[in-house]
Amino acid sequence: MQTTIRSAATFTGTGLHSGRPATIVLRPAPAGHGVVFRRTDISLGDTRVPARWDLVDQSPLCTRIVNRAGVSVSTIEHLMAALAGCGVHNALVEIDGPEVPILDGSSAPFVRGILATGVRRLAQPIDVIEILSPVTVETAGGWARLSPSDGLTMTFHIDFADVAIGRQTRRLDLANGAFVRELCDSRTFCRRAEVEAMQANGLALGGIAGENAVVFDGAQVESGAGLRHADEPVRHKMLDALGDLSLAGAPILGHYDGHKAGHAMTNALLRRLFDTPRAWRMRPCDAATAARLPGAGVGIDAVTAVA
Ligand SMILES: [Zn+2]
């Protein structure tokens, strides 16, 4: 069945790129609503921005959605991952600024808030997007692919010159609360060399090394109290991928392969998928499939500990 959260949850913090403070109020929503943002700081025109793949604007460092009136919300991916990872299909996200707060750089604060309020089943069944044949997008820098699988599984590979990151590969089946246990606390990261370039371009203005982002510089790591996992970067890339895939509008049954992929590539992959009618179908979710979805059981039957 579709779900929403039991009651409102509030989060306050600073936007990673804008440096602007913002408060989010996550509210329950009815079946069929999906995840929709609403800008409460704007009073004129259409202030609702549905969290959908076809409203994603090209933005290399974060996921930004824009409605037809030009109203946007940036850096939605960690909140979207938390909702998908906790199996929340419907929510209204009120936000009083242009960018979702970065909090600690991971999805864990959102997951804690969602699990604290709880997840409620609604009286309408959920459909799933079943991948029928592989689709791939490729650039000079990497590639991403969706291929058939009976649950959402993921393989991600990254390769950085900084020895403190290096090559990292992880494979994960996202069933049974795996997102909450394995991925949700892994933080945003970047390379020291990129920080100054980003800030010169008016990005990462709210970034604080070790507090809301892990910064790598060769063998050096600024990570606050240390890395949360030895392979925290690749786990964060998988977290981002789940958030970006959740913009498909329904849970995906498929295997996602990301090879040095990022937000723009995962969005291009969804566009390629929906441009290829024979590669997917929407179908009702049976009980066996429901048990394999990322949020199955999380926050309803058992509270999964957040690291
Ligand atoms: Zn991220």
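Residues numbered from 1 in each chain as written. Predicted model: local features only at pLDDT ≥ 70, side-chain atom pairs only at ≥ 80, totals over all residues. Heavy atoms only, no water.

## Regarding the overall build of the chain
Rules: Under the DSSP-based scheme used, a helix requires at least four consecutive residues in state H or I and a strand at least two consecutive residues in state E, with every element numbered from the N terminus. Our radius of gyration looks at C-alpha atoms and nothing else; its globule reference is 2.2 Å times the residue count to the power 0.38. Accessibility here uses a 1.4 Å probe with only protein chains present; expressed as a share of the type maximum, an area under 20% marks a residue as buried, one over 50% as exposed, and anything in between as partly exposed. Method for areas: the Shrake-Rupley scheme with a 1.4 Å probe, in which residue coverage is limited to the protein chains shown. Just so you know, the count uses Lys and Arg for positive and Asp and Glu for negative, and it drops His and the chain ends. Just so you know, the charge point we use is NZ for Lys, CZ for Arg, CG for Asp and CD for Glu.
Each helix and strand counted, the chain has 7 helices and 20 strands in total. Relative to a compact globule of 307 residues, whose C-alpha radius of gyration would be 19 Å, the chain shows 18 Å and is just as compact. If you line up the chain on its principal axes, its C-alpha atoms span 50 × 45 × 40 Å. Considering the chain as a whole, with its 307 residues, one finds that 56% of them fall into the buried category. Element-wise, carbon and sulfur atoms account for 51% of the exposed surface of the chain, whose accessible area totals about 12500 Å². Of note, the chain has its 30 positive side-chain charges centred 4 Å away from the centre of its 31 negative side-chain charges.

## A word on the coordination of the zinc ion
Note the threshold: For Na, K and Ca the donor cut-off is 3.2 Å, while for other metals it is 2.8 Å, and in both cases only N, O and S atoms qualify; water is not among them, so sites may look incomplete. Think of it this way: with four donors and all angles in the 85 to 135 degree range, the site is tetrahedral; with four or six donors, opposite ones beyond 155 degrees and the rest between 65 and 115, it is square planar or octahedral; otherwise it is irregular.
The protein atoms that coordinate the zinc ion are His78 (NE2), His236 (NE2), Asp240 (OD) and Asp240 (OD), at distances of 2.1 to 2.7 Å. Its 4 donor atoms give the zinc ion angles of 53 to 149° at the centre, a pattern that matches the irregular case. Take His78: its relative accessible area is 5%, and that puts it in the buried class. The buried category is assigned to His236, whose relative accessible area is 2%.

## Notes on the packing of helix H1 (residues 77-85) against helix H5 (residues 232-245)
Helix-helix packing: each pair is described by the crossing angle between the helix axes and the interaxial distance. Stated precisely, the cut-off is as follows: In this analysis, axes come from line fits to C-alpha atoms, helices being fitted only over the stretch in contact, and the angle between any two N-to-C directions falls in the range 0 to 180 degrees. Geometric relationships in this document are graded by angle, where less than 35 degrees denotes roughly parallel, more than 145 denotes roughly antiparallel, 65 to 115 denotes roughly perpendicular, and other angles denote oblique. We call two residues contacting when some pair of their heavy atoms lies within 4.5 Å. For this scheme, ten residues count as nonpolar: Ala, Val, Leu, Ile, Met, Phe, Trp, Tyr, Cys and Pro. Four count as charged, namely Asp, Glu, Lys and Arg, and the remainder, Gly too, count as polar.
The N-to-C vectors of H1 and H5 enclose an angle of 80°; their axes lie 7 Å apart at closest approach. Here H1 lies roughly perpendicular to H5, going by the angle between them. Residues Glu77, His78, Met80, Ala81, Ala84 and Gly85 of H1 form the contact with H5, whose own contacting residues are His236, Leu239, Asp240, Leu242, Gly243 and Asp244. A breakdown of the residues in the contact of H1 with H5 according to their chemical character gives 5 nonpolar, 4 polar and 3 charged.

## A look at the confidence of the model for the chain
Rule in force here: Values of pLDDT, the confidence the predictor places in each residue, fall between 0 and 100.
Per-residue confidence for the chain gives a mean pLDDT of 92; residues scoring 70 or more make up 97%. Throughout residues 301-305 the model reports pLDDT below 50, and contacts reaching past four residues in sequence, or to other chains, amount to 7 contacts.

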